[in-house]
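# Structural overview
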Amino acid sequence: MAKLYLKFDNSLLKELTLSQAATTIGRLPDNTLQIDNLAVSGHHARITWEQDHYAIEDLGSLNGTYVNNERIGKTKLRHCDTLKIGKHEIEFKNEGPTPVAAIAAKAGPAMPKLDATVMLDTRQAQEMLASRGGPPPAMTAEGTPIKDRIGLLNVLEGKTDQETYVLTSKMTMIGKSAMATIRLKGMFAPNSAALISKRENKYFIVPEPKARLRINGEEISGQHELAAGDIVEIGKLKAAFSFQD
């Protein structure tokens, strides 16, 4: 079974099983693997199954697609190849038999148009993941789905465009950039300060390499799991993390 491991600053952000004929990678949410970062193009690259191997193709991205530090147009993927997309790394591993869905499919899904992005609610996202071979919803011991927990970030200090942010996306960028969900204001605010990712009903925050992040007064350099009541400080921003009731 072939898998992709999305990493940022050596921290694992997401794991994806390649179980379909085509997998798109890009900044927009209609990609199979979304990377919410300004260095990534809307539809950056595509991975397809070609008879007996997987191949990756750059889709005319601005910053290019790299395999083992070499910029490519299209190339065959091999076990343990390292992909570079923007500031993120993706490790490709293929240790088992080829997925049946990939063998049977004659063509991948049509490429979504840049102006046709659809924001999905939680139920739609789960159904879409299931159709793509993604992980099923988490279950309790009794076999009922675990209620999806939605994180909140309440601004205590600092200039932002909102006082409260509901963290519904898989990835939330903090920064001054127009692409940031949590928009920082001020002349010296960084374009990208930190990234919050959500997986398995948990939230994780990781600072950009040059940003200074503190959680409850303690400086954090790598990925950190957020807990209810945590005080997040980055630059002049100070905010409290919690979960919706």
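On a predicted model such as this, the values are computed, not experimentally measured, just so you know.

Here the focus is the pairing of strand S6 (residues 53–58). With five of six residues buried, S6 lies mostly within the body of the structure. Pairing of strand S5 (residues 45–50) with S6, which is carried by six bridges, proceeds in the antiparallel orientation. Among the inter-strand pairings, Thr 48 is bridged to a residue of S6, identified as Ala 55. Between the antiparallel neighbours S5 and S6 lie two residues, among them Gln 51 with a positive phi of about 65°. Taken together, the three bridges between S6 and strand S9 (residues 74–76) define a ladder with antiparallel strand orientation. Opposite Ala 55, over in S9, you have Lys 76 as the bridge partner.

If you walk through the whole model with that rule in mind, you get five aromatic pairs. With 6.0 Å between their ring centres and 65° between their planes, Tyr 54 and Phe 92 make a pair best called edge-to-face. On the criterion of sequence distance, the pair formed by Tyr 54 in strand S6 and Phe 92 in strand S11 (residues 88–94) is long-range, its members being 38 residues apart. Its relative accessible area of 2% is what places Tyr 54 among the buried residues. Assessed through its relative accessible area of 1%, Phe 92 is described here as buried.

The subject of this paragraph is the confidence of the model for the protein. Of all residues in the protein, 78% attain a pLDDT of 70 or more, and the chain-wide mean is 79. A low-confidence stretch, residues 99–125 stays under pLDDT 50, and its non-local contacts, those more than four residues away or across chains, total 37 contacts.

The next point concerns the pattern of salt bridges. Applying the stated criterion across every chain, the model contains six salt bridges. Glu 91 is the partner of Lys 7 in a salt bridge, and the nearest nitrogen-oxygen pair spans 3.0 Å. Taken together, the positions of Lys 7 in strand S1 (residues 2–8) and Glu 91 in strand S11 put the pair 84 residues apart, joining distant regions of the chain. Residues participating in the shared-partner salt-bridge network are Lys 7, Glu 91 and Lys 93.

Taken in spatial order, the six strands line up as S13-S12-S22-S21-S18-S19 in an open sheet, and their pairing is antiparallel. Because the sheet does not close on itself, it has two edges, and the strands there are strand S13 (164–167) and strand S19 (218–220). When strand polarity is set aside, the average angle formed by the axes of neighbouring strands in this sheet is 30°.

Attention shifts here to the environment of Thr 181. With respect to the helices and strands, Thr 181 occurs in the loop between strand S14 (171–175) and strand S15 (182–183). Accessibility expressed as a relative area gives 35% for Thr 181, which makes it partly exposed. Along the primary structure Thr 181 and Asp 161 are separated by 20 residues, whereas in three dimensions their C-alpha atoms are 9.6 Å apart. If we ignore the near neighbours within four places in the chain, the residues touching Thr 181 are Asp 36, Tyr 165, Thr 172 and Met 173.

Criteria and cut-off values
- For every chain, the first residue of the written sequence is number 1, and numbering continues from 1 along that sequence.
- For this predicted model, a pLDDT threshold of at least 70 governs which residues receive local features, and a threshold of 80 or more governs which side-chain atom pairs are given and counted, while totals over whole chains, interfaces and linings are taken from all residues.
- Note: side-chain values were computed over all heavy atoms of the structure, leaving out hydrogens and water.
- Relative accessible area decides the class of each residue, using a 1.4 Å probe on protein chains only: under 20% of the type maximum gives buried, over 50% gives exposed, and in between gives partly exposed.
- Helix numbers and strand numbers start at the N terminus; a helix is a DSSP run of H or I with at least 4 residues, a strand a run of E with at least 2.
- Pairs of strands are assigned from DSSP output, requiring at least two bridges between the strands.
- To pair, rings of Phe, Tyr and Trp, with the six-membered ring standing in for Trp, must have centres within 6.5 Å; the planes then decide the type, stacked if under 30 degrees apart, edge-to-face if over 60, and tilted in the middle.
- What pLDDT conveys is the predictor's confidence in a given residue, as a value from 0 to 100.
- What makes two residues a contact is simply this: any of their non-hydrogen atoms within 4.5 Å.
- What counts as a salt bridge is simple: a side-chain nitrogen of Lys or Arg found within 4 Å of a carboxyl oxygen of Asp or Glu.
- Every angle, taken between N-to-C directions, lies between 0 and 180 degrees, and every axis is a line fitted to C-alpha atoms, over only the stretch in contact when it is a helix.

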